[in-house]
Amino acid sequence: MSPTANGVALLRAMIRIRRFEERCAELYQEEKIRGFLHLYIGEEAIAVGVMQSLTPEDAIVATYREHGHALARGIDMNRVMAEMYGKATGTSGGRGGSMHLFDAKTRFFGGNAIVGGHLPLAAGLALADRMQGRGVVTACFFGDGAVAEGEFHETLNLAALWQLPVLFCCENNRYAMGTALERAQSETELALKAASYRIPAWPVDGMDVVAVEGAARRATGAIRAGEGPHFIEFRTYRFRAHSMFDPDLYRSKGEVETWRRRDPITLLTDRLRGEGAVDDAALEGIEREVAAEIDAAAAFAESSEWEPVETLARHVTSEAPS
Amino acid sequence: MSTVTYRDALNQALKEEMQRDDRVFLMGEEVGVYQGAYKVSKGLLQEFGEMRVVDTPITELGFAGIGVGAAMVGLRPVIEFMTWNFALLAIDQVVNAAAKLLYMSGGQFNIPIVFRGPNGAALQLSAQHSQAFESWLAHIPGLKVVSPGTPRDAKGLLKSAIRDDNPVVFFEGEMLYNTKGDVPDEEYVIPIGQAELKREGDHCTIVTYGKSALMAVQVADQLEKDGIRVDVVDLRTIRPMDVAAITASVRKTNRAVVLEEGWEVCGVGAQIVDHIQRDCFDDLDAPVIRVHQADVPMPYAKNLERAAKPDVAKTIAAVKKVMYLPD
């Protein structure tokens, strides 16, 4: 990679997600954030890298581990944080929480918390885009756990059969909650599963944001050229537990440490330093700006109002005339 | 007015709504080339083409979810399940996605989709093809649940369902498709959530919906010969339920029988009885009686199946019981 501004922008985007989630973990301990909180720490390169290949018209569908995707997509951090608090100013007015971030303006279709359940939604968005003549891509993020679900296989079959413009982004962090890949999959080369549906598929180092971006650009370029769905298996690792309730007993400290040495932020920082693109002062500047943004987001969430309980039943159904 | 089958009434509704709004499309197993497993979609592929009449493999969960995704960006899919028994494979998308996306997104994404297909028992199709699931779906906030019994209601309600901005579960019936009835020649819709009195009387109320509404009408006609006049409240929509129509009738007759195809435990009838005891406690002259399927998986043998299903005789016996009359 050349010492470009883009490299620094990628680094900044990853640091922003990392620090945001570290703050979320603290706020969880302070009981400002409740419910389930699934941290993306360690996997930031995937959301950040893939987003580089998407236009504002493209669609994103994500899982319940989606804070990074939401921020990388450009949803206002204040509104994301307010949703984590459950405040009226949050992306879903406090009806969704950490697992259900949605934003129509940036075409961010959740925040879906049934493993595999959002894959058909992504194919449906792509079908609708094609029916209505929009030449856009739907990027669908999911974990290795989803690969064992029927919805994964049904969606890949239909997407391939109908040549739908979907980029399937498998975030293989090697554990479906606490179950290791080897204990869950008869075939652990996950790209082979997609390939069996005649979908172009290949594995990529998910800790290398530049490699992620390159693979995503290659795939989205092909999809835009009418070559149908593509599948990328991003090999990554979740540095933190599955959720705040997970004592993380199913993997060794040594394994976690080994992967931490391939921290996507450290890898890119080292590379950019080597190229002279960043120095301590630049890094401190990034950290300072990011901290200020997060402070402001937490203050915004803290000072926001709760949704009035009188509105409890609002949005159960839509009663606006069609 | 024309005399039309329930099947053709549905076909007319689909055709008219697809002509009216190019965002409407039909998707499911055998809806196109095969012309519909029950021929509800006959001729639609020829008129609208394969972009709007989409044949799928046998993959209920997949195409239900694809429908939900398409609805998120403003298309208006009609998802045909060959039967609701098979739709159990897709229930994640109906319950976890379609019913909840509007709420979870704080009102950003409404889901204008119809899930439709035959529900309940036909004849000797045994346990896995003879189930009535309306209580399962009616339990879920975010869904509307419709179950018309006549061709006129089927057409008017399907048109409303397609125009509705919410997910609508639409229950048809294999035994209904060939039934005939009067259907207006001019354009009309029937609002979701409105019951209709199919027979009027002052001795007893029968509350019912869907296929059972036809049975209730037969019951009313037979009882009339004995001088017993019953109100038949055909709910037509199960959620939202027209409680006012039930209340008005029971306050008039002071007696009620609730008739449904499904099982007793946690059935739709239990919900109806709850409304009656809350709103008509002082009006009742007898406990409400429910008529429903026996608490068994549907058997195959003709005599066993007959014993398991609600029928005219069982319903007449129930009416006589709430009227304290001898059998």
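Residues numbered from 1 in each chain as written. Chains lettered and ligands numbered in written order. Predicted model: local features only at pLDDT ≥ 70, side-chain atom pairs only at ≥ 80, totals over all residues. Heavy atoms only, no water.

Draft legend 1. Expanded view of the environment of I33(A). All names here are of chain A. Checked against the element boundaries, I33 lands in the loop between α1 (5-29) and α2 (44-51). Between the alpha carbons of I33 and Q132 there is a distance of 40 Å; along the sequence they are 99 residues apart. Dropping the residues within four chain positions of it, I33 is found in contact with C24, L27, Y28, M81, M84 and Y85. (Helix = DSSP H or I, 4+ residues; strand = E, 2+ residues; numbered from the N terminus. Contact = heavy atoms within 4.5 Å.)

Draft legend 2. Structural view of the domain arrangement of chain B. All names here are of chain B. Domain boundaries in chain B define domain 1 (2-183) and domain 2 (196-322). Between the C-alpha centres of domain 1 and domain 2 the distance comes to 26 Å. Counting residues at the interface gives 32 residues for domain 1 and 27 residues for domain 2. Broken down residue by residue, the surface that domain 1 buries against domain 2 is led by Q124, E134 and S147, which jointly contribute 25%. In this assembly, domain 1 and domain 2 are joined by 3 salt bridges. Here E196 and R152 are joined by a salt bridge, their closest N and O atoms 3.4 Å apart. If you look at where domain 1 meets domain 2, you find 17 residue pairs in polar contact (both at pLDDT 80 or more). Classifying every residue of the side of domain 1 that touches domain 2 by side-chain character gives 16 nonpolar, 12 polar and 4 charged. (Domains from an automatic or database assignment. Buried area = accessible area lost by both parts, 1.4 Å probe. Salt bridge = Lys/Arg side-chain N within 4 Å of Asp/Glu carboxyl O. Polar contact = N/O pair within 3.5 Å; in protein donor to acceptor, adjacent residues only side chain to side chain. Nonpolar A, V, L, I, M, F, W, Y, C, P; charged D, E, K, R; others polar.)

Draft legend 3. Structural context of the sheet that holds strand β13 (residues 256-263) of chain B. Residues and elements named next belong to chain B. Strand order across the open sheet formed by 5 strands is β9-β11-β10-β13-β14, with mixed pairing between neighbours. Looking at the sheet topology across the chains shown, the edges are occupied by β9 (196-199) and β14 (289-293). Neighbour-to-neighbour, the strand axes of this sheet turn through a mean angle of 25 degrees, independent of strand direction. Pairing analysis gives 4 bridges linking β13 to β14, with the strands arranged parallel. Bridged to V257 within β14 is I289. (Pairing = 2+ DSSP bridges. Axes fitted to C-alpha atoms, helices over the stretch in contact; angles between N-to-C directions.)

Draft legend 4. Spotlight on the interface of chain A and chain B. Listed by partner, the interface residues are 41 residues for chain A and 42 residues for chain B. Both faces combined, the contact of chain A with chain B buries some 3,300 Å², and carbon together with sulfur accounts for 68% of it. When residues of chain A are sorted by the area they lose upon contact with chain B, L121(A), M131(A) and H315(A) head the list and together hold 17% of the total. Here chain A and chain B share 0 salt bridges between them.

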